[in-house]
Amino acid sequence: MNRLNLITLGTKDIVKAHEFFKKLGFDTSIRGSESNPDIIFFRNEGTRIALYPIEELALDINEENPPKIGDGFPGITLAYNAKTMEEVDEVLKKAEIAGAKIEKTPKKTDWGGYGGYFTDLDGYYWEVAYGELWEFDESDMLVIEDQ
């Protein structure tokens, strides 16, 4: 686990947040419609950034007992994008052995992938996920293209 592929920022108003970052000059890719996006990816160099509704991000971590927004959950997750489902399992097991708390055991996702979450020793949420159609560049960074 020697890379960070994606930082997801939970946002209260994804449309306003998208407008803000576009004004700053970020090149973005929208999944869903412009007026009601599901998720927005930034096509920046280096680590990728995504905007996602904060309530849905908390539910993605744990549907039955989502982290409390504000006091306990700052709305930020870090992501390690694996190349296989087995790699997801291996990374989560390695994290647990190192002292991480598994927040969501790996399972099939509603978007067709496979993944889980852990919190590190300081309480930061890490997603470890795999997508069958994902492609990586020569630096093992997730390639994000318009759909």
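If you're wondering where the values come from, they're calculated on a predicted model, not measured in any experiment.

A. Region of the structure containing the nonpolar core. The biggest cluster of nonpolar side chains holds 15 residues, and the ones touching the most others in it are L6, I39, F41, A50, L57, I61 and F73. Sorting the residues of this core by element identifies β3 (37-42), β4 (48-53) and α2 (54-61) as the ones contributing at least two each. The element contributing the most residues to this core is α2, with four residues. Those residues within four positions of I39 in sequence are excluded, and the remaining contacts are I14, S29, I30, R31, A50, L51 and Y52. Among the nonpolar cores identified, the runner-up in size contains 13 residues, and L78, L92, A95 and A100 belong to it.

B. Inspection of the pattern of salt bridges at higher detail. Within this structure, the stated rule accounts for five salt bridges. Between D27 and R43 there is a salt bridge; the shortest N-O distance is 2.7 Å. You can see D27 sitting in the loop between α1 (14-23) and β2 (28-32) and its partner R43 sitting in the loop between β3 and β4, a full 16 residues away along the chain. A relative accessible area of 42% means that D27 is categorised as partly exposed. On the basis of relative accessibility, which here comes to 28%, the residue R43 falls in the partly exposed class. Notably, a salt bridge pairs E103 with K101, separated by 4.0 Å at the nearest N-O pair.

C. Spotlight on the layout of surface pockets. Taken as a whole, the largest pocket spans an internal volume of roughly 1,100 Å³. Together, 36 residues line the largest pocket, and R31, I39, F41, W111 and W134 are the ones closest to its centre. Of all the secondary-structure elements, those providing two or more residues to the lining of the largest pocket are β1 (6-11), β3, α2, β5 (76-82), β6 (101-108) and β8 (125-130). Take the lining of the largest pocket: its biggest share by element is four residues, from α2.

Reading the values: rules and limits
Residues numbered from 1 in each chain as written. Predicted model: local features only at pLDDT ≥ 70, side-chain atom pairs only at ≥ 80, totals over all residues. Heavy atoms only, no water. Core = buried A, V, L, I, M, F, W, Y, C linked by side-chain atoms within 4.5 Å. Buried < 20%, exposed > 50% of the residue type's maximum accessible area, 1.4 Å probe, protein only. Helix = DSSP H or I, 4+ residues; strand = E, 2+ residues; numbered from the N terminus. Contact = heavy atoms within 4.5 Å. Salt bridge = Lys/Arg side-chain N within 4 Å of Asp/Glu carboxyl O. 1 Å grid on protein atoms, 1.4 Å probe; cavity = no way out; pocket = protein on both sides within 12 Å on 5 of 7 lines; lining within 4 Å. Points joined across faces, edges and corners; volume = space filled by probe spheres on them.

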